Amino acid sequence: MPIRMTISEPVRRVALVLGLVVATGGILAAMFSSSLEAGDRLWPLSWMAWGPVGFAILYRRPGNAVGRGMMFIAVTMGISFSTLALAVADLPLSVRMWAEVVNTVSGVAPWLGIVWLILVFPASTYPGRAERLVGRLLAGYGLFAATLFVVSPAAMAETGVPSPLAVEAAGPLAAIITGAAGFLGVIVLLLAALVLLFRRWRRSSGLERAQFRWLFYGAAGFLIVLATGQWLPEDAPGQYLWLPAGLLIPVTIGVAILRYRLFEIDRIISRTLTYAVVAGLLSAVYIGVVAALTFVLPSDDPFVVAVATLAAAALFNPFRRRVQKGIDRRFNRSRYNAERIVDSFSLSLREGGEPADLIAGLVTTVASTMQPGSVGVWLRDETRTGGLT
């Protein structure tokens, strides 16, 4: 049967493609701008995933509010990056002025979009009156702040001249909103959105709870990388870990909304923690062995490095098994319980018993570990066929 497309469907797809082009093109424009410093050219890379993930969500789930929010963030950030490249380029001042005006407004919009995204995740709508109220306050505050940014008579950062739409009378109020006080307003709205998010998480269960866990996993990974970077020297390669870390939040949101391998989050968390702990333990073993051997051998002796490496390699699997068992007990409880149930059933099989007890044990084991909709065991003998459910 042929697929009939409505008039709005081609328009929707074209709009999606254009949004992805604007989001990606803005990032590339900033990356290849010779007028920007090296750090400013790398920063856009951390936003690269928002557009493709938002595109994928809206392509698979048209009208999804989370997907729209992600595309809004990606497009406005793409416009911000491209206009920033224009504002610092060797162009006429009039072009640079208007580019910086657009950059000022579009640079604020993505952060407001992130707050709004928190309000509608994962339901794709306002779950309650409190979320709706915060959403309206956010929209009103965003329009108010954007207007004041445009009409502020203060000199803009890149061109050093006021906005071409500056209004002198708006100066005092614009100075407040475009300064620390205005940023504090965004923080207050963000905290309100986070409180409502945690309230929804506490009330969630099943599929929705798994979606929340994916979001928290991505946010936690991003924050851990940021915190780690604060302790690294400025010239350390690890400083650039925030580039791939920027992919974590949009990618985990995409998994949560598209529900791709949604319930594997427990396994991913347990494996991440396992290898992080094992890496820390092996590093400590390596350093300890090297420190101990340097008392009797020169520190640059290849034998010291070889012994320390072999010790760490020999301890890898024992450490991994013990650490993984402990972490599974806490973070991947379903797998840990399933293993215990299977081990218990295996022991009962070895010990023997009545057929009815063994069948009941098999049903209980399958139901507990696989969690199917129903479990049935059919037995057949010479006289009849029976079943036990």
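The numbering scheme is per chain: residues are counted from 1 as the chain's sequence reads. With pLDDT at 70 or above as the cut-off, local features in this predicted model cover only qualifying residues; side-chain atom pairs require 80 or more to be listed or tallied, and sums for whole chains, interfaces and linings still use all residues. Each side-chain value is worked out from all heavy atoms of the structure, with water and hydrogens disregarded.

**Points about the overall build of the protein**
Alright, step 1. Only DSSP runs of H or I with at least four residues qualify as helices, and only runs of E with at least two residues qualify as strands; both kinds are numbered from the N terminus onward. Each helix and strand counted, the protein has 15 helices and two strands in total.
Alright, step 2. Here the term buried applies to any residue with accessible area under 20% of the maximum for its type, exposed to any over 50%, and partly exposed to those in between, with areas from a 1.4 Å probe on protein chains only. In the protein, which comprises 389 residues, the share counted as buried stands at 34%.
Alright, step 3. In the protein, once contacts between residues fewer than 6 apart in sequence are set aside, the share between residues at least 24 apart is 64%.
Alright, step 4. Working definition of accessibility: Shrake-Rupley area with a 1.4 Å probe, residue cover restricted to the visible protein chains. Entry remark: accessible area of the protein is about 23000 Å², with carbon and sulfur atoms responsible for 66%. We call two residues in contact when some of their heavy atoms are within 4.5 Å.

**Brief notes about the packing of helix H4 (residues 65-87) against helix H5 (residues 93-120)**
Alright, step 1. Where H4 meets H5, the closest approach of the two axes is 7 Å, and the angle between their N-to-C directions is 160°. With respect to H5, the axis of H4 lies roughly antiparallel. Here H4 runs over H5; the crossing is left-handed. All axes here are fitted lines through C-alpha atoms, helices being fitted over the stretch that makes contact, and every angle between N-to-C directions spans 0 to 180 degrees. When describing relative orientation, an angle under 35 degrees is termed roughly parallel and one over 145 degrees roughly antiparallel, while 65 to 115 degrees is termed roughly perpendicular and anything else oblique. By the definition used in this description, the sense in which the near helix is turned from the far one sets the handedness, with an anticlockwise turn below a right angle giving left-handed and a clockwise turn giving right-handed.

**A short note on the pattern of salt bridges**
Alright, step 1. Between Lys or Arg on one side and Asp or Glu on the other, a salt bridge is scored when a side-chain nitrogen of the former is within 4 Å of a carboxyl oxygen of the latter. If you walk through the whole model with that rule in mind, you get one salt bridge.
Alright, step 2. Across the pair Glu 131 and Arg 200 runs a salt bridge, and its minimum N-O distance is 3.1 Å. Taken together, the residues Glu 131 in helix H6 (residues 129-151) and Arg 200 in helix H8 (residues 180-203) connect sequence positions 69 residues apart. Both residues of the pair, Glu 131 and Arg 200, count as buried.

**What about the nonpolar core?**
Alright, step 1. Trp 47, Trp 50, Val 66, Met 70, Leu 117, Phe 121 and Ile 253 are the most contacted members of the largest nonpolar core, which totals 48 residues.
Alright, step 2. Filtering out sequence-adjacent residues up to four positions away, Leu 117 remains in contact with Trp 50, Val 66, Gly 69, Met 70, Ile 73 and Ile 253. Grouping buried Ala, Val, Leu, Ile, Met, Phe, Trp, Tyr and Cys residues that are joined through side-chain atoms within 4.5 Å yields what is termed a nonpolar core.

**Considering helix H1 (residues 8-31)**
Alright, step 1. Here a helix's expected span is defined as the number of its residues, less one, multiplied by 1.5 Å. Over its 24 residues, H1 extends 35 Å from the first C-alpha to the last, a length consistent with the 34 Å expected when each residue adds 1.5 Å.
Alright, step 2. Listing the buried residues of H1 in full gives Glu 9, Leu 16, Gly 19, Ala 23, Gly 26, Ile 27 and Ala 30.

**Side note on helix H11 (residues 248-258)**
Alright, step 1. Within H11 the residues assigned to the buried category are Pro 250, Thr 252, Ile 253, Gly 254, Val 255, Ala 256 and Ile 257.
Alright, step 2. Looking at the residues trailing H11, positive phi occurs at Arg 259, about 60°.

**Remarks on the packing of aromatic side chains**
Alright, step 1. The aromatic pairing rule takes the rings of Phe, Tyr and Trp, using the six-membered ring of Trp, and pairs them if the centres are within 6.5 Å, calling planes under 30 degrees apart stacked, those over 60 edge-to-face and the rest tilted. A full pass over the atoms with the stated rule returns ten aromatic pairs.
Alright, step 2. For the ring pair Phe 198 and Phe 216, a centre distance of 5.4 Å and an interplane angle of 10° mean the geometry is stacked. Here the residue Phe 198 occupies a position in helix H8, and Phe 216 occupies one in helix H9 (residues 206-229), the gap between them amounting to 18 residues.
Alright, step 3. Joined through ring pairs, the aromatic side chains of Phe 121, Phe 198, Trp 201, Phe 212 and Phe 216 make up one cluster.

**A short note on the confidence of the model for the protein**
Alright, step 1. One confidence number per residue, pLDDT, is output by the predictor and ranges from 0 to 100. Per-chain confidence: the protein averages 78 in pLDDT, with 72% of residues scoring 70 or above.
Alright, step 2. Across the protein, H4 holds the top mean pLDDT of 92, while strand S2 (residues 385-388) sits lowest at 45.
Alright, step 3. Within the model, pLDDT remains below 50 along residues 1-5, and this stretch shows two contacts once partners closer than five positions in the same chain are excluded.
Alright, step 4. Segment residues 382-389 is flagged for pLDDT under 50; beyond a separation of four residues in sequence, or across chains, it makes 15 contacts in the model.

**Structural notes on the environment of Phe 72**
Alright, step 1. Take Phe 72: it is sitting in helix H4.
Alright, step 2. A sequence separation of 21 residues divides Phe 72 from Gly 51, and the C-alpha atoms of the two residues are 8.6 Å apart.
Alright, step 3. With sequence-adjacent residues up to four places away left out, Phe 72 is seen in contact with Ala 109 and Gly 113.

**Examining unusual backbone geometry**
Alright, step 1. In this structure, the amide linkage connecting Phe 121 to the following residue, Pro 122, adopts the cis form with an omega of -10°.
Alright, step 2. Mapped onto the elements of the fold, Pro 122 is located in the loop between H5 and H6.
Alright, step 3. Of note, the phi angle at Ser 124 is positive, near 65°, even though the residue is not glycine.
Alright, step 4. By the element assignment, Ser 124 lies in the loop between H5 and H6.
Alright, step 5. Exposure remark for Ser 124: the relative accessible area of 23% places this residue in the partly exposed category.

**Structural notes on a nonpolar patch on the surface**
Alright, step 1. Taken together, the side chains of Leu 86, Leu 91 and Val 95 make up a nonpolar region of the molecular surface, amounting to roughly 210 Å² of accessible area.
Alright, step 2. Mapping Leu 91 onto the fold places it in the loop between H4 and H5. For patches, a residue must show more than 30% relative accessible area and have no salt bridge; joins then use 9 Å for like charges and 5 Å for nonpolar side chains, namely Val, Leu, Ile, Met, Phe, Trp and Tyr.

**Description of the packing of H1 against helix H3 (residues 50-60)**
In helix packing, the relevant descriptors are the interaxial angle and the interaxial distance, both defined with respect to the helix axes.
Alright, step 1. Interaxial distance between H1 and H3 falls to 9 Å at its minimum, and their mutual angle equals 170°. Between H1 and H3, the angle is such that the two are roughly antiparallel. Residues Arg 12, Arg 13, Leu 16, Val 17 and Leu 20 of H1 lie in contact with H3, whose contacting residues are Gly 51, Pro 52, Phe 55, Leu 58 and Tyr 59.
Alright, step 2. Looking at the contact of H1 with H3 residue by residue, the class counts come to seven nonpolar, one polar and two charged. As a working rule, the residues Ala, Val, Leu, Ile, Met, Phe, Trp, Tyr, Cys and Pro are called nonpolar, Asp, Glu, Lys and Arg charged, and the rest polar, with Gly in that last group.

**Notes on the side chain of Glu 131**
Alright, step 1. The exposure class assigned to Glu 131 is buried, which follows from its relative accessible area of 1%.
Alright, step 2. Nitrogen and oxygen atoms within 3.5 Å of one another constitute a polar contact, given that in protein one can donate a hydrogen and the other can accept it, and given that sequence-neighbouring residues count only through two side-chain atoms. Among the polar contacts listed, one links the side chain of Glu 131 to the side chain of Arg 200, at a separation of 3.1 Å.
Alright, step 3. What Glu 131 contacts, discounting residues up to four positions off in sequence, is Leu 119, Tyr 126, Leu 196, Arg 199 and Arg 200.

**Some words on the side chain of Arg 200**
Alright, step 1. Looking at Arg 200, the relative accessible area reads 10%, which means it is buried.
Alright, step 2. Ignoring any residue separated from it by four or fewer positions in sequence, one finds Arg 200 in contact with Ile 118, Leu 119, Phe 121, Pro 127, Glu 131 and Phe 212.

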